Every structure is written in C-alpha cells, then in structure tokens.
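Architecture and fold: a report
Each chain, written out:
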Amino acid sequence: MKTGPLPIQPLLAQRIAFACAGLVVVIALVVLSGRTAVGAAIFGTLGLALFALLVWGGIRLRRLEHEKTELGENYGALLDTAPGGILVSDDKGRIVTANSRAEQMFGYGPGELAGLSIEALVPESARARHAKLHTGFIQHPAHRRMGIGPESPLHARRKDGSEFTASISLGPRRTARGLRVTAVIHDVTASVQRETEI
C-alpha cells in the first residue's frame, strides 16, 4: 500500500544539505582564523558538533523510516480486516487504495482497483448523474450515507459488468496530497431482497 504520513526523502535531503553547508563554513572559518591554535580548537569543536548533529539526524531518520514502515503495515492490516469494502479515492475520482474485501466485492484481483476511476464501479446508466454528484461532493465535501433501505437502492458495477445493490458511506479528509474520500461499501443485495419480499 502506498501510504505514509512521513516525508522521509525531503528530510534526508535537508539534513545532507545542512551538513554540507555547515562543513563548508567550518572549513572556511578554520582557514580564515589564520591557523592559530585557539581558532583551530574553536572551529574544530564546531566541526565535531556539526558531525554529531549529522549522526543524530541519521539515527532519527532510520527511526522515522521504521515507524513509517510499521504504520503502513498496520494501516494495511486494518483495511484488510474491515468487514466492508473500503476504497480511498482522490479529488479527481481515481482510486488510491482498496482493501481486499472491496477487490473481492467488485471482482478485481489484488492491486487492480488502484488507479482506476471510481466511474468504473458505477453502472453505465448512472455514470452521467454520478459524475455531476461527484463534482458537487468535491466542491462541498461532507460525511454522507447512500443506498440505505429498499426505497433508495444504489447499484454498483463489478468488473464483469454485473451489478449489486450497495450501501455506501463517504468520509472526506484533507491531506498534504489534497482531498481524499474514503468509501465504505457493503453489498446489501440479499437484505434488500428479503425486505421487499416481506
């Protein structure tokens, strides 16, 4: 799963740039100090302090990478143990992440949903209307439940073109990468059929 809250690479680049700049300053000051013993001692101490800071940054960076990996594994496990299908999409309607239950529900293999438009999961007869609703939702994101009860059926489309009745809950959240929408989906075909038979 390609998620993670910690920007590791920019942090590493920042540390390296800082260390290089500091090293250049220390070397320049030692040269400018006239190579006196006091000047060399002062700037040598500064050089050691800078080196220690760089080592500390490297250790901290390794810890952050470990925490990011662990967090990503826990996030993936949480999604995959959820009883419903979970899709996370961006503001353009592209699926960023899908749990295994969503893949099974829609008939896709592992990783096949990532990168698809959510429109691929909407029956063709409802796509134009859904596109307008999606645009409105992105402009005014809010938690929303849809397809609850037999009087408001909502249909979803599987990879093979077959359809099922679904209930969907949407939850928007703002991230550093823009708006993300989490959809929790349940196949309620059987329960809707039971309710209509009564």
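Residues numbered from 1 in each chain as written. Predicted model: local features only at pLDDT ≥ 70, side-chain atom pairs only at ≥ 80, totals over all residues. Heavy atoms only, no water.

Here we take up the overall build of the chain. If you tally the helices and strands in the chain, you get five helices and six strands. Start at the N end of the chain and walk to the C end: the helices and strands fall as α-α-β-β-α-α-β-β-β-β-α. In the chain, which comprises 198 residues, the share counted as buried stands at 29%. Per element, the accessible surface of the chain, about 12,600 Å² overall, is 62% carbon and sulfur. (Helix = DSSP H or I, 4+ residues; strand = E, 2+ residues; numbered from the N terminus. Buried < 20%, exposed > 50% of the residue type's maximum accessible area, 1.4 Å probe, protein only. Areas by Shrake-Rupley, 256 points an atom, 1.4 Å probe, with all protein chains shown as cover.)

With the rule as written, the count across this model stands at three salt bridges. Measuring nitrogen to oxygen at the nearest pair gives 3.1 Å for the salt bridge that ties Lys159 to Glu112. Taken together, the residues Lys159 in the loop between β4 (155–157) and β5 (163–175) and Glu112 in the loop between α3 (100–106) and α4 (127–139) connect sequence positions 47 residues apart. Given a relative accessible area of 41%, Lys159 falls into the partly exposed group. Its relative accessible area of 36% is what places Glu112 among the partly exposed residues. (Salt bridge = Lys/Arg side-chain N within 4 Å of Asp/Glu carboxyl O.)

Of the strand pairs in this sheet, strand β1 (residues 85–90) and strand β6 (residues 178–187) are connected by six bridges, and their pairing is antiparallel. Across the sheet, Gly85 pairs through a bridge with Ile185, a residue of β6. Looking at chain direction, β5 and β6 are connected through ten bridges and run antiparallel. Each bridged residue has a counterpart across the sheet, and for Ser169 the counterpart in β6 is Val184. (Pairing = 2+ DSSP bridges.)

Another point: the pairing of strand β2 (residues 95–98). Two strands pair when backbone bridges link them, and β1 and β2 are joined in this way by three bridges, in the antiparallel orientation. Within β2, the position partnered with Ser89 by the bridge is Ile95. Linking β1 back to β2 in an antiparallel pair, the connection comprises four residues, with Gly93 at a positive phi of about 85 degrees.

With 20 residues, the main nonpolar core has Leu87, Ile95, Phe106, Leu113, Leu121 and Ile185 as its most contacted residues. For this core, the secondary-structure elements that each account for two or more residues are β2, α3, β5 and β6. Residue contacts for Leu113: discarding those within four places in its chain leaves Leu87, Ile95, Ala98, Ala102, Glu103, Tyr108 and Leu121. (Core = buried A, V, L, I, M, F, W, Y, C linked by side-chain atoms within 4.5 Å. Contact = heavy atoms within 4.5 Å.)

With 61% of its residues at a pLDDT of at least 70, the chain reaches an overall mean of 79. Put simply, helix α1 (residues 8–32) is where the chain has its lowest mean pLDDT, 62, and α3 is where it has its highest, 95. Note on residues 1–6: pLDDT under 50 across the span, and twelve contacts to partners over four residues away in sequence or across chains. (pLDDT = per-residue confidence, 0-100.)

We now examine the environment of Pro172. Counting through the fold element by element, Pro172 comes out in strand β5. A relative accessible area of 18% means that Pro172 is categorised as buried. Through-space distance from the C-alpha of Pro172 to that of Phe137 is 9.3 Å; in sequence the pair is 35 residues apart. Beyond its immediate chain neighbours, meaning those up to four positions away, Pro172 contacts Phe137, Pro141, Ala142, His143, Leu179, Arg180 and Val181.

The subject of this paragraph is the environment of Asp90. Looking at where Asp90 falls in the secondary structure, it is placed in strand β1. Expressed as a C-alpha distance, the spacing of Asp90 and Leu179, which sit 89 residues apart in the sequence, is 5.9 Å. Beyond its immediate chain neighbours, meaning those up to four positions away, Asp90 contacts Val96, His134, Leu179 and Arg180. Polar side-chain contacts of Asp90 include one of 3.0 Å to the backbone nitrogen of Lys92. (Polar contact = N/O pair within 3.5 Å; in protein donor to acceptor, adjacent residues only side chain to side chain.)

To continue, consider the environment of Met146. Here Met146 shows up in strand β3 (residues 144–146). As for Met146 and Leu170, which are separated by 24 residues in sequence, their C-alpha atoms are 8.3 Å apart.

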